[in-house]
Amino acid sequence: MGDVGIGETAVGAVLACAGGVAWVLNARHQEVRRARLLFSGGGAVDTGPAPGERLIGELRRLHGRVGAEWWSLAAGLVLALVGASVIPVVAGAAGVPVLRRVGKARRARLEKERRADAVIALCGVFAGEVRAGQQPGEALLRAERDSGGLGEPQAAVIAAARFGGDVPGALAVAARQPGAEGLLGLAACWRVAVDQGAGLAAGLDRLDGALRAERDQRADLRAQLSGARATALLLAVLPLFGLLLGAAMGADPLRVLLHSGAGLGCLVAGAVFEGAGVWWAARIVRGAEAA
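What counts, and where the lines are drawn
Each residue is numbered by its place in its chain's sequence as written, counting from 1. This being a predicted model, a pLDDT of at least 70 is required before a residue's local features are given, and a value of 80 or more before pairs of side-chain atoms are given or counted; all residues contribute to the totals for chains, interfaces and linings. Based on all heavy atoms of the structure, the side-chain values leave hydrogens and waters out of the count. Helix axes use the C-alpha atoms of the stretch in contact, all axes being lines fitted to C-alpha atoms, and the angles between their N-to-C directions lie in the range 0 to 180 degrees. Helix and strand assignments follow DSSP, with helices taken as H or I runs no shorter than four residues and strands as E runs no shorter than two, numbered in order from the N terminus. By definition in this entry, angles of less than 35 degrees are roughly parallel, angles greater than 145 are roughly antiparallel, angles of 65 to 115 are roughly perpendicular, and the rest are oblique. Any two residues whose heavy atoms approach within 4.5 Å at even a single point are treated as in contact. Asp, Glu, Lys and Arg are counted as charged, while Ala, Val, Leu, Ile, Met, Phe, Trp, Tyr, Cys and Pro are counted as nonpolar; the rest, among them Gly, fall into the polar class. By salt bridge we mean one thing: a side-chain nitrogen of Lys or Arg within 4 Å of a carboxyl oxygen of Asp or Glu. Residue exposure (1.4 Å probe, protein chains only): buried if accessible area is under 20% of the type maximum, exposed if over 50%, otherwise partly exposed. Confidence scores per residue from the predictor, reported as pLDDT, run from 0 to 100. Expected helix span is taken as 1.5 Å per residue step, with the number of steps being one fewer than the number of residues. Rotating anticlockwise by less than a right angle from the far helix to the near helix defines a left-handed crossing, while the corresponding clockwise rotation defines a right-handed one. The definition of a nonpolar core used throughout is a set of buried Ala, Val, Leu, Ile, Met, Phe, Trp, Tyr and Cys residues joined through side-chain atoms within 4.5 Å. Any two rings among Phe, Tyr and Trp, with Trp reduced to its six-membered ring, count as a pair given centres within 6.5 Å; such a pair is stacked if its planes are under 30 degrees apart, edge-to-face if over 60, and tilted if neither.

**Quick word on the packing of helix 6 (residues 154-163) against helix 7 (residues 167-174)**
And step 1. For the pair helix 6 and helix 7, interaxial distance at closest approach is 9 Å and the crossing angle is 170 degrees. Regarding the angle of helix 6 to helix 7, the classification is roughly antiparallel. Seen from helix 6, the contacting residues are Ala-156, Val-157, Ala-160 and Ala-161; seen from helix 7, they are Val-167, Ala-170, Leu-171 and Ala-174.
And step 2. Residues that form the contact of helix 6 with helix 7 fall into these classes: eight nonpolar, no polar and no charged.

Take a look at the structure:
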């Protein structure tokens, strides 16, 4: 099998030994716990988490502290040791900024959705407070407190509502945050109610219904696009299954790809086509969501 086969055997042996150690430690922990329960007369004895549980907890804390993008470099280091080549390390290091950008975009999307939900909740609670007979300023303060907040500019909105300031202007500033665009409709309802004496609760109800319908439409579109995302993800990971299948058949694909001219050419061409395909599929999905 060569050096690669020896490396794979060594990695498998290390993983097997680590699993055996974790199993032995966990079994020993259970025996000690049972003994303590026996000698304590059946009372509750807090022996703490098992060593295996502590190990899993430490790995989770490490994952949260290091960041998901650095696992790309770790995977590259493992492949470099198995394949006896520096190319996986370079590829893993190049994947760190890409994964960081993807994670940042995902966190921004989740924050945008959370803020949009907070705006919808604000409109609903605000309408209920106004309908209950509260003054608009006091109703807005209570609704803002109960809906989870408007983000960083909420201090200006609170001050304007509490001291009789420019509430529509403060709401327009808060609407600049991604996901808080519905606050522009709230500012318009406030202006119409104050300037023309129109019913604020009725306008808030219509605004709440429109925002909810828009959110449901986005959720429905995301559900329809989930199949396309899953297909793109499956096509992206197919080369990994090909490598595993080749290794299972004894073809030694890592040595061919990393230590031969034809293999390096195929690796570069495959990486280029893979990246282009993933980018194109993501572009199609983003275009459909934007439309």
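After that view, the rundown keeps rolling.
**Here's the deal with the pattern of salt bridges**
And step 1. Counting across every chain of the model gives eleven salt bridges.
And step 2. The partner of Arg-222 in a salt bridge is Glu-113, with the nearest N and O atoms 3.0 Å apart. Of this pair, Arg-222 sits in helix 9 (residues 200-248) while Glu-113 sits in helix 4 (residues 87-131), and the two are 109 residues apart along the sequence.
And step 3. Assessed through its relative accessible area of 25%, Glu-113 is described here as partly exposed.
And step 4. Within this structure, Arg-109, Glu-113 and Arg-222 form a network of salt bridges that share partners.

**Observations concerning the environment of Ala-161**
And step 1. Turning to its location among the elements, Ala-161 is positioned in helix 6.
And step 2. Residue Ala-161 is classed as buried on the basis of its relative accessible area, which comes to 13%.
And step 3. The spacing of Ala-161 and Pro-136 is 25 residues in sequence and 8.1 Å in space, taken between C-alpha atoms.

**Considerations on the confidence of the model for the chain**
And step 1. The pLDDT averaged across the chain works out to 77; a share of 73% of its residues lies at or above 70.
And step 2. Of the regions scoring below 50 in pLDDT, residues 1-15 engages in eight contacts with residues more than four places distant in sequence or in other chains.
And step 3. The low-confidence segment residues 42-47, where pLDDT is below 50, has eight contacts with residues more than four positions distant or belonging to other chains.

**So, unusual backbone geometry**
And step 1. Although it is not a glycine, Ala-84 adopts a positive phi angle of roughly 55 degrees.
And step 2. Within the secondary structure, Ala-84 is located in the loop between helix 3 (70-83) and helix 4.
And step 3. The exposure class assigned to Ala-84 is partly exposed, which follows from its relative accessible area of 49%.
And step 4. Although it is not a glycine, Asp-252 sits at a positive phi angle of roughly 55 degrees.

**Points about helix 3**
And step 1. When the terminal C-alpha atoms of helix 3 are compared, their 20 Å separation across 14 residues agrees well with the 20 Å that a helix rising 1.5 Å per residue should span.
And step 2. Directly beyond the C-terminal end of helix 3, a positive phi value near 55 degrees is found at Ala-84.

**Topic: the packing of helix 4 against helix 9**
Two measures define how a pair of helices packs: the angle their axes make with one another and the distance between the axes.
And step 1. As a packed pair, helix 4 and helix 9 sit with axes 9 Å apart at the nearest point and diverge in direction by 155 degrees. Classed by the angle they form, the pair helix 4 and helix 9 counts as roughly antiparallel. Handedness of the helix 4/helix 9 crossing: left-handed. For the pair helix 4 and helix 9, contact is made by Arg-109, Glu-113, Ala-116, Asp-117, Val-119, Ile-120, Cys-123, Gly-124, Phe-126, Ala-127, Val-130 and Arg-131 and by Leu-200, Ala-201, Leu-204, Asp-205, Leu-207, Asp-208, Leu-211, Arg-212, Arg-215, Arg-218 and Arg-222, respectively.
And step 2. Along the lines of polarity and charge, the residues of the contact of helix 4 with helix 9 split into twelve nonpolar, one polar and ten charged.

**Quick look at the nonpolar core**
And step 1. With 31 residues, the main nonpolar core has Phe-126, Leu-140, Leu-183, Leu-186 and Leu-204 as its most contacted residues.
And step 2. Contributions of two or more residues to this core are made by helix 4, helix 5 (136-146), helix 6, helix 7, helix 8 (183-196) and helix 9.
And step 3. For this core, the element with the most residues is helix 4, which contributes seven residues.

**Quick word on the packing of aromatic side chains**
Two aromatic rings, taken as a pair, are described by how far apart their centres are and by the angle between their planes.
And step 1. Evaluation of the coordinates by the stated rule reveals two aromatic pairs.
And step 2. Ring geometry for Trp-279 and Trp-280: centres 6.0 Å apart, planes at 50 degrees, overall tilted.
And step 3. Given the relative accessible area of 49%, Trp-279 is considered partly exposed.

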